[in-house]
Amino acid sequence: MLSVNEAAEMLGVSPKMIRLLIREGKLLASNLSSRLTRIVKSSVVDMLEYTRVEAIKSESTTKSPEQVQPVALTRERCYSVTELTTMFGMDRQCLYTLLSRKQIPKIEYQKTVFYAKAEVDKLFRDRKKPRAAALDAIRKANQKDSGPLEIKYCYTIPELEVIFGKDRALLYSFFKRRAVPTLKVGTQVYLSKKAIRKLLNELKVA
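Definitions and limits used
- Residues take numbers from 1 onward in each chain, read along the sequence in its written order.
- Owing to the predicted nature of the model, reporting of local features is limited to residues with pLDDT of at least 70; listing and counting of side-chain atom pairs is limited to 80 or more, with chain, interface and lining totals taken over all residues.
- The side-chain numbers reported here are obtained from all heavy atoms of the structure, hydrogens and water having been left aside.
- Secondary structure elements follow DSSP: runs of H or I no shorter than four residues count as helices, runs of E no shorter than two count as strands, and numbering proceeds from the N terminus.
- Throughout, exposure labels follow a simple rule: accessible area from a 1.4 Å probe, protein chains only, divided by the maximum for the residue type, with under 20% read as buried, over 50% as exposed, and the rest as partly exposed.
- What sets the accessible areas is the Shrake-Rupley method with a 1.4 Å probe; for residues, cover comes only from the shown protein chains.
- Paired rings are identified among Phe, Tyr and Trp, the last through its six-membered ring, by centres lying within 6.5 Å, and are further divided according to the angle between planes into stacked (under 30 degrees), edge-to-face (over 60) and tilted (the rest).
- We call a charge positioned above a ring when the Lys NZ or Arg CZ atom is no farther than 6 Å from the ring centre and deviates by at most 35 degrees from the ring normal.
- Note: the arc covers the axis-to-C-beta directions of the helix.
- Nitrogen and oxygen atoms within 3.5 Å of one another constitute a polar contact, given that in protein one can donate a hydrogen and the other can accept it, and given that sequence-neighbouring residues count only through two side-chain atoms.
- Confidence scores labelled pLDDT are given residue by residue by the predictor and lie between 0 and 100.
- Note on definitions: a residue-residue contact is assigned when non-hydrogen atoms from the two residues lie within 4.5 Å.
- Only strands that DSSP links by at least two bridges are regarded as paired with each other.
- Convention adopted: a line fitted to C-alpha atoms gives each axis, helices being fitted over their contacting stretch, and angles between N-to-C directions are expressed from 0 to 180 degrees.

A. Structural detail: the overall build of the chain. Summing up its helical and strand segments, the chain has nine helices and eight strands in all. Out of the 206 residues belonging to the chain, those deemed buried represent 34%. About 13200 Å² of surface is accessible on the chain, with carbon and sulfur atoms providing 54% of the total.

If you want it as structure tokens, here you go:
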């Protein structure tokens, strides 16, 4: 049995990450008291061996040199999907689409996917400032066009659920952040077709 610090040293991660792996069921452990946790050494060894094997398998099955995953890609050098949803502020479906489109290297352990920290960090840096500037420009353009609306020049939320393929809670947040002009008639909410079409064009370009 290993202590949290010993397991962290073996895997090259922080004690906090070890506790996260325990909660997610990826490391076997027992709590002997509120402050004393012991981890099954074989589960730590298995994780180390698995990441080495997966890195070698990924290299041998890749079709082109540009897609080869580094042999050194291991769990401690990766982010979990849970960490990335918080980091990027998007739901899992959108996140998977983004990471797949950018061909971010990944490994899989016990049916859980982890993504290379180095590549993710670069992607996050590349997206952060341009995204903030682009979002600010979208808000300003929508506020400029936020004159009186008519229903015939608007989409309903059910129509937008079909167009974007997302549920209304996510859409409300998405449109609010971009200051999309709205019209409310009773309990029904309508959103400017002009602003939505501009947004769709921008998403296609991105």
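B. Spatial organisation of the packing of aromatic side chains. Enumeration over the complete set of coordinates arrives at four aromatic pairs. The interplanar angle of 75 degrees and the centroid separation of 5.5 Å between the aromatic rings of F164 and F175 together place this pair among those described as edge-to-face. Linking F164 in helix α7 (residues 157-164) with F175 in helix α8 (residues 168-177), this pair joins segments that are eleven residues apart in sequence. Across from the ring centre of Y79, 5.4 Å away, lies the NZ or CZ of K117, which sits over that ring. Positioned above the aromatic ring of Y155 is the side chain of K193, whose terminal nitrogen or guanidinium carbon lies 5.4 Å from the ring centre.

C. Fine view of unusual backbone geometry. Phi angles above zero are rare outside glycine, and Q103 is one such case at about 55 degrees. Relative to the elements of secondary structure, Q103 occurs in the loop between α5 (92-101) and β4 (106-109). Given a relative accessible area of 56%, Q103 falls into the exposed group. Phi at A179 is positive, roughly 55 degrees, even though this residue is not glycine. With a relative accessible area of 22%, A179 lands in the partly exposed category.

D. Seen up close, the environment of K41. Inspection of the secondary structure puts K41 in helix α3 (residues 41-61). As for K41 and S3, which are separated by 38 residues in sequence, their C-alpha atoms are 9.3 Å apart.

E. Inspection of α5 at higher detail. By the burial criterion, the buried members of α5 are L95, L98 and L99. Down the axis of α5, the smallest arc covering the buried residues is 95 degrees, so these residues share one side. Those residues of α5 that are exposed and angled more than 90 degrees off the buried face are Q93 and S100. The opening residue of α5 is D91, an N-cap whose side-chain oxygen sits 3.3 Å from the backbone nitrogen of Q93. Directly beyond the C-terminal end of α5, a positive phi value near 55 degrees is found at Q103.

F. Quick peek at the confidence of the model for the chain. When pLDDT is averaged along the chain, the result is 79, and 79% of the positions lie at 70 or above. No element of the chain has a lower mean pLDDT than α3, which averages 61, and none a higher one than strand β6 (residues 154-156), which averages 93.

G. Inspection of the environment of L98 at higher detail. Relative to the elements of secondary structure, L98 occurs in helix α5. Of the residues examined, L98 reaches a relative accessible area of 4% and is grouped as buried. The spatial distance from the C-alpha of L98 to the C-alpha of L123 is 9.8 Å, given a sequence separation of 25 residues. Apart from the residues within four sequence positions on either side, L98 is in contact with F88, M90, L123 and R127.

H. Layout of the sheet that holds β6. The three strands are arranged β6-β8-β7 in an open sheet whose pairing can be described as antiparallel. The sheet terminates laterally at β6 and β7 (182-185), the two strands that pair on one side only. Taken pair by pair, the neighbouring strands of this sheet meet at an average axis angle of 35 degrees, ignoring direction. Here three bridges tie β6 to strand β8 (residues 188-192), and the two strands are oriented antiparallel to one another. Paired with C154 across the two strands is S192, which belongs to β8. Running at roughly 85 degrees to β6, α7 makes contact with β6 and β8 of the sheet.

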